[in-house]
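Each chain, written out:
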Amino acid sequence: ALSTAPQNCTWDDLLATWLEADQIPLFDSGWTFDHFYPIFSDPTGPCLEGWMTMAALAQATHRIRVGCLVTGMVYRHPAVLANMAATLDITSRGRLELGLGAAWNDEECDAYGIELGTLTQRFDRFEEGVQIIVSMLSNERTTFAGRFYEVTEAMCEPKPIQRPHPPLCIGGQGERRTIPAAARWAQHWNVGRPDLDTFRRKLDVFHQACADVGRDPEEVTVSVLVVARGTEDGAVADEAARYGEAGADLVIVGAGMDPARLAPLATTLAPLAAS
């Protein structure tokens with residue numbers, strides 16, 4: 001898969017990258033992110049909003065699946081997000097991957113007047129939100145009363161193309177809340193970019209969490225991030241191979257906004273997908 005954080009770039013460069021990726025079968029999905037300021041760089045730089053960008057990219061492409069890695073639950077009411085997801089799944093003709101997370105960026109939240117809360121509060125909020133989203137995408141009406149959210153006979157029509165709902169991608173490594181949530185609800189768990197030893201340990205925790213809820217871990221795609229910017233393609237392939245040998249099903253590559261690089265990179269990575 002391809003990760004293109006829509007920060008410190010122009011729309012034209014981002015669009016060109018996705019149009020090229022859409023022509024390369026190796027790239028099954030493309031991912032934006034859900035931030036309002038650039039992260040891990042100058043926060044005063046340009047940053048396109050993730051969901052609006054994703055919707056535009058879905059209309060410009062035809063094959064590649066689209067996702068946001070991952071949507072911060074605190075930024076939108078889950079009932080609103082459920083309607084957004086259903087609409088985007090329909091307008092993309094069933095290509096949405098629904099990335100969800102608890103959020104973490106206190107700089108954005110402080111600036112925008114959004115209450116991020118303590119770790120416990122944000123994960124309590126996250127779990128309530130996931131339940132509402134899954135129910136609204138799957139059922140005719142949803143009633144839910146929690147600490148953070150309450151909906152009454154809430155509807156989401158029309159329903160998404162993918163049934164019972166688009167695949168949920170839950171992102172994060174937290175062993176107490178995030179991994180159990182992924183084991184319970186996700187069809188895709190993104191572990192981020194851990195080192196190999198950490199990845200193996202987190203995978204063991206995930207397998208135990210699946211056993212605790214009676215779920216087969218093989219039902220869940222496990223993905224990691226590999227940053228390719230400034231790295232030779234062979235080194236990217238070697239890193240991806242090591243994650244694959246350790247148990248990753250999917251490698252999401254952050255290759256920057258260089259459409260010309262994607263075809264050579266895909267050629268180098270292709271033997272891994274075939275193995």
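Residues numbered from 1 in each chain as written. Predicted model: local features only at pLDDT ≥ 70, side-chain atom pairs only at ≥ 80, totals over all residues. Heavy atoms only, no water.

Observations concerning the state of the cysteines
Put plainly, a disulfide is one covalent bond tying together the sulfur atoms of two cysteines.
Part 1 of the argument: Under the definition given, this model contains 0 disulfides.
Part 2 of the argument: Free cysteine Cys 109: the closest other cysteine sulfur is in Cys 47, separated by 14 Å.
Part 3 of the argument: Here Cys 156 stays free of any disulfide, with the sulfur of Cys 68 as its closest cysteine sulfur at 18 Å. (Disulfide = S-S within 2.5 Å.)

With respect to helix α9 (residues 259-274)
The periodicity of an α-helix, 3.6 residues per turn, causes residues three or four places apart in sequence to face the same way.
Part 1 of the argument: Under the 1.5 Å per step criterion, the end-to-end length of α9 is 23 Å for 16 residues, consistent within 8% with the ideal 22 Å.
Part 2 of the argument: The axis of α9 is deflected most strongly, by about 40°, at Thr 268, and proline Pro 271 appears within four residues downstream.
Part 3 of the argument: Taken together, the buried positions of α9 are occupied by Arg 261, Leu 262, Leu 265, Ala 266 and Leu 269.
Part 4 of the argument: On its buried face, α9 is in contact with β1 (2-3), α1 (11-22), α8 (233-246) and β11 (250-254). (Helix = DSSP H or I, 4+ residues; strand = E, 2+ residues; numbered from the N terminus. Expected span 1.5 Å × (residues − 1). Bend = angle between axes of the 7 residues up to and from the residue. Buried < 20%, exposed > 50% of the residue type's maximum accessible area, 1.4 Å probe, protein only. Contact = heavy atoms within 4.5 Å.)

Remarks on the pairing of β11
Part 1 of the argument: Of all 5 residues making up β11, 5 are buried, and the element is well covered by its neighbours.
Part 2 of the argument: Neither face of β11 is exposed, since Leu 250, Ile 252 and Gly 254 on one face and Val 251 and Val 253 on the opposite face are all buried.
Part 3 of the argument: The sheet contact formed by β1 and β11 spans 2 bridges and is parallel. Following the sheet pairing, Leu 2 is matched in β11 by Val 253.
Part 4 of the argument: The pairing of strand β10 (residues 221-227) with β11 spans 5 bridges and is parallel. Within β11, the residue paired with Val 226 across the bridge is Val 253.
Part 5 of the argument: Once the chain exits β10 it traverses α8 before rejoining the sheet at β11, and the crossover so formed is right-handed. (Pairing = 2+ DSSP bridges. Right-handed = clockwise from strand over helix to strand, strands pointing away.)

Considering helix α3 (residues 78-91)
Part 1 of the argument: Here α3 is 14 residues long and its end C-alpha atoms lie 20 Å apart, about the 20 Å a rise of 1.5 Å per residue gives.
Part 2 of the argument: Taken residue by residue, α3 has Pro 78, Ala 79, Leu 81, Ala 82, Ala 85, Ala 86, Leu 88 and Asp 89 as its buried positions.
Part 3 of the argument: For α3, the elements touching its buried residues are α2 (50-60), β4 (71-72), β5 (96-101), α5 (119-138) and β7 (150-154).
Part 4 of the argument: Just past α3, the residue Arg 93 takes up positive phi, approximately 60°.

Observations concerning the nonpolar core
Part 1 of the argument: Ranked by internal contacts, the top residues of the largest apolar core, which has 71 residues, are Trp 51, Leu 100, Trp 189, Phe 199 and Phe 206.
Part 2 of the argument: Looking at which element gives the most residues to this core, the answer is α5, with 8 residues.
Part 3 of the argument: Ignoring any residue separated from it by four or fewer positions in sequence, one finds Phe 199 in contact with Val 191, Pro 194, Val 222, Val 224, Tyr 243, Ala 246, Gly 247 and Ala 248. (Core = buried A, V, L, I, M, F, W, Y, C linked by side-chain atoms within 4.5 Å.)

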